[in-house]
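Here is how the chains run, residue by residue.
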Amino acid sequence: MTNHATTRRSFPATRLLLYGALTLGVCATLAPFAWMFLGSVRPTGEIVAHPSSWLPAAPTLTNFEQLLSKQNFGLYFLNSALVAVACVLGNLLFCSMAGYAFAKLEFAGKSLLFGLVLTMLIIPGVTTFVPLFVLVSNMGLSNSYLGLILPFLVTPLGVFLMRQFIRDVPDSLVEAARLDGAGETRTFLRVILPLCRPALATLAILTFLAQWNNFLWPLVIAQTEDHYTLPVALALFSVGANGTNYGLLLAGAVTVVTPIILLFLALQRYFIQGIASTGIK
Amino acid sequence: MLFRSHLVRTVVVGSVATLLLTGCGRTDTRQKPGSAGSPIDSSPATGTITVWAMGTEGELLPKLAAGFEKANTDAKVKVTAVPWQDYGKKVETAIASGDTPDATLVGAADIAMFATTGGLEQVPPKLVDDAAFYPGAARSSAFEGATYGVPWYVETRSLFYRKDLAQAANVSAPKTWDEYGPFLKALQKQGAKWGLSLPTGAAQSWQGVLPFMWQAGARLTNDGGTAFTFDTPEALKGLEFYQSFFTSKTVSRNGPVSLGEIEPQFVAGSTAALISGPWEESLLKSAGGASFVADKVGIAPLPAGPDSNASYMGGGQWTVFKDAKNRETAWKFIRWMAQPEQQKAWYGLSGDLPAVQSAWKQGKLATDPALKVFQTQLKTAQPGPTTTTWKQVTAVVDAEIEKVAKGVTSPKAALEQIQSKAAAIGTGNKR
C-alpha cells in the first residue's frame, strides 16, 4: 500500500519529465539505426531522394543480393569473425593474467611496467601505426591472419581494466586460497577469474567491437583480397572515388552491425555491471 | 587519493622510460626521390607482377589485364582491389616497410606526396610519349623536374544544367563569365530556388573554386614551383567572381557538403545547375531515371573567364615502386595500358575517360555529345600544383573559401590569409 502511494505521489511531474527525456534520448539513439535498416531495403535513388521519407516505397532486397553476389563475401565475414574472436580470446586470457599480476603480486619493476602500460594507453595509435606496420611486415607477417591478430592480442586498455577490477577482489580470498595450498595458477583460474565475469564480459565486448570495426589496420596489412575483413570489403564495394553506393553501404552496415547487437544483447547484464564496477568505458 | 598520486608517478616514470627506450630524437625523414631506372626494352614481358588498383577500377582491371597476358604468354598480372578510402595510408605504409607490390594506381593529385617519400621509381626514359596525353594529365605526373606516373584515365568537370528550364526561359548555355549570371538567373525565374550549386564547407571544395582563379589567369605557384602565389590580382578576380554567386543569391551559402546531396535537388528542380565530372551522368540516372537524363539534362563546357575556361583535372595514374620485384614487366604492363587501343578498351569496360588524346578518335568517344564537352574541357583542364604540401594548403584554402561563401570575410582578406599560411607551409619543392 505504502509503496503504491509513493509511486503515485512522485509520478505526475518528475516522473513524466524523466520518462519524456528518456524516451527522447532513446529515439535519438535509435533513429540512425532505424534509418540504416530501412535504407538497406531501398534503392540508392530513393535513399538520397529529396524530400525523403522514413518508410520505403517499395521494399527490395536488391542491395543484399548485390552484396552477397560479390565474390568472397562469405570469406570476408569469416575473416572478420576469426580476427575478432581470436583477439577477444587473447585479451581475455592475457589481459586478465597481466591484470592479476599487477593487482595482487609483488615483483621488482612493477610500477615501472604498469607505468608503461598506462603510457601506451595515452599514446595515440596513429603515431605508432607506421612503425607497427614496418615491424609486423619485417616479421614476415603481412598478409597473414597472424599479422591481423597479433598486434591486438593484448591491449593496454584490457590490462588496465582487469587490473582495476582484480584490485577490488579482497586480498583475503587470495590468501585463503594460498593457505589451502593453491598455487598461483590455481588461484588465478579458480578464485580470481570466476569473480571477474563482469569485467571479462566488458572486455570481450570492447575488444570484439574494436576488431570488428577495425578498418585501417586490415586495410594496410592485407595484401590480397582473401585476407580482407568486412569493413575493408565494404569500403571497396560501396565507396567510389566520386560517389557512394548508399544502398549497398547500408546493406553492408546492417550485415556488420547485426552480430554486434546480438552479442551486446547476450552480454548486456554483465556489461553494465562491468562498467559500474570499474568506472571506465 | 593514494591511488591518484601513485598513478601520476607511474605515468611519469613510464613516459620517461618510453621516451628513453624509443629515443625521442627526430631524424630528417626526407629521402632522396627515386632515381631513374634503366630503359625498358620491347621484348615480351615475363614473370608475375602484383598491382594495386582501387575501387571499381580494381574490380574490373583483371578483364583488361587478360589481354596483356594473352600478348605476353610468359607474364601474369595479379590484381589486388583496394578501397579508395584511405588508400594513401596503405601506399605510404607499404613504401615505409619496403613490402610493396610492383605497381599501383594512384590519384593524380597524390603523386607528389608519394614521390617525395622516395618509394616510387621515375618513369624510365622513352617509356611513353608525354605529348600523347592531355597536357594537364602529363603535368600532374611530374614532380621536382622528374616524372613518376603514367596517366591512365582522366576526369574533369563541366557544367550540368536543367535543359528543360533553359528551354522554357529561352536561354542557351553560357560561354563567358558575363553570360553566366544572367543565364542562372533566368533558370531561377523558371522556379529553381538556386541557379547553381558550388562547393563550400566541404573537403575538396578547392577543386570547384580554384578553377575560377585559373579562368581569371591566375597561376598559383611561381615558375619553378618553389613558392605559392595566391596574392595576385588574377586570383582575387577569380575569388570575387566566386563570391558574386552568393551575394546575388544565385548559389546557396550552405553548398552541398556531402556526396550524393546535390543530385536529388537537381532532379527536383530546386537547383538548376551543377558542376561535375563524367561520373555525374550515372548518379543522375540513379537519382532521376534514364529519361530524366535524356530529356532534362544539358551539359556544356565551363564558361570562360578573362583568360580561359580552365577546369580542374583529376584522374588515375600508374606508378611503379622502387622496391618492385619485377619492374620490367610492371613498366611493360603500364606502357601497354597507355596504348590507344587499350585506353579505348578500358573506357568500354569502366567508363573512365582515356588520358591518351588519340584514343578519342573513334566510336562513342568521338560521337557522344556529352563526351565531346568533356573532351573540349580536358584540353585546358589542369591539376592543382604538384607539391608535397598541397594537401595541407588545400585545407587552408577550403577553410578560407567557406568564410568567403558565408560572407564573413572578403575575398582579399581570404587570399591574404591563404597566401601567408601557404607561404608558411611552403611548397616543399627543392628545385
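Residues numbered from 1 in each chain as written. Chains lettered and ligands numbered in written order. Predicted model: local features only at pLDDT ≥ 70, side-chain atom pairs only at ≥ 80, totals over all residues.

Okay, the overall build of chain B next. Within chain B one finds 18 helices and 11 strands. Computed over C-alpha atoms, the radius of gyration of chain B comes to 24 Å, within 12% of the 22 Å expected from 2.2 N^0.38 for 431 residues, which places it in the range of a compact globule. Taken over 431 residues, chain B has a buried fraction of 52%. Taking the contacts inside chain B whose residues are at least 6 apart along the sequence as the reference set, 77% of them involve residues at least 24 apart. (Helix = DSSP H or I, 4+ residues; strand = E, 2+ residues; numbered from the N terminus. Rg over C-alpha atoms; globule rule 2.2 N^0.38 Å. Buried ≥ 20, exposed ≤ 12 C-beta atoms within 10 Å, placed from the backbone. Contact = placed C-beta atoms within 7 Å.)

With that out of the way, let us pick up the domain arrangement of chain B. All names here are of chain B. Domain annotation for chain B reports domain 1 (2-156 + 314-378) and domain 2 (158-311 + 386-425). With 15 residues of domain 1 at the interface, the matching set in domain 2 holds 14 residues. Secondary structure elements with two or more residues in the side of domain 1 that touches domain 2: helix 4 (111-115), strand 4 (142-143), strand 6 (150-156) and helix 16 (369-380). Looking at the side of domain 1 that touches domain 2 element by element, the count peaks at five residues for helix 16. Looking at the side of domain 1 that touches domain 2 residue by residue, the class counts come to nine nonpolar, five polar and one charged. (Domains from an automatic or database assignment. Nonpolar A, V, L, I, M, F, W, Y, C, P; charged D, E, K, R; others polar.)

Let us look at the confidence of the model for chain A. Counting all residues, the mean pLDDT for chain A is 87, and 92% of those residues have values of 70 or more. Considering each helix and strand of chain A separately, the mean pLDDT is smallest for helix 2 (residues 44-47) of chain A, with a value of 76, and largest for helix 7 (residues 145-149) of chain A, with 95. (pLDDT = per-residue confidence, 0-100.)

Bringing helix 2 (residues 55-71) of chain B into the picture now. Over its 17 residues, helix 2 of chain B runs 26 Å from end to end, which matches the ideal 24 Å to within 8%, given 1.5 Å per residue. Along helix 2 of chain B, the sharpest change in direction is near 40° and occurs at L61 of chain B; proline P62 of chain B comes one to four residues later. When helix 2 of chain B is considered as a whole, its buried residues turn out to be G55, T56, E57, G58, L61, L64 and A65 of chain B. Contacts from the buried residues of helix 2 of chain B go to helix 13 (230-238) of chain A together with strand 1 (47-54), strand 2 (75-82), strand 3 (103-107), strand 10 (313-320) and helix 14 (340-350) of chain B. (Expected span 1.5 Å × (residues − 1). Bend = angle between axes of the 7 residues up to and from the residue.)

What follows concerns the domain arrangement of chain A. On domain assignment, one finds that chain A holds domain 1 (2-39) and domain 2 (64-278). Placing the centre of domain 1 of chain A and that of domain 2 of chain A at their C-alpha centroids yields a distance of 33 Å.

Below, the discussion takes up the pairing of strand 8 (residues 273-276) of chain B. Along any regular strand the residues' side chains alternate between the sheet's two faces. All names here are of chain B. Residues A273 and I275 line one face of strand 8 and the alternating positions L274 and S276 line the opposite face, and both faces are buried. Across four bridges, the pairing between strand 7 (residues 158-162) and strand 8 is antiparallel. Its bridge partner lying in strand 8, L159 is registered against I275. (Pairing = 2+ DSSP bridges.)

This next bit is on the sheet that holds strand 10 of chain B. Sheet strands line up and pair through hydrogen bonds in the backbone, either parallel or antiparallel. Residues and elements named next belong to chain B. One open sheet holds the six strands; their spatial order is 2-1-3-10-6-11, and the pairing between them is mixed. At either margin of the open sheet sits one strand with a lone partner, and together these are strand 2 and strand 11 (353-354). Two elements, strand 1 and strand 2, share eight bridges in a ladder whose sense is parallel. The partner of I49 across the bridge, within strand 2, is V77. The sheet contacts of helix 16 involve strand 6, strand 10 and strand 11, and relative to strand 6 the element is tilted by about 115°. (Axes fitted to C-alpha atoms, helices over the stretch in contact; angles between N-to-C directions.)

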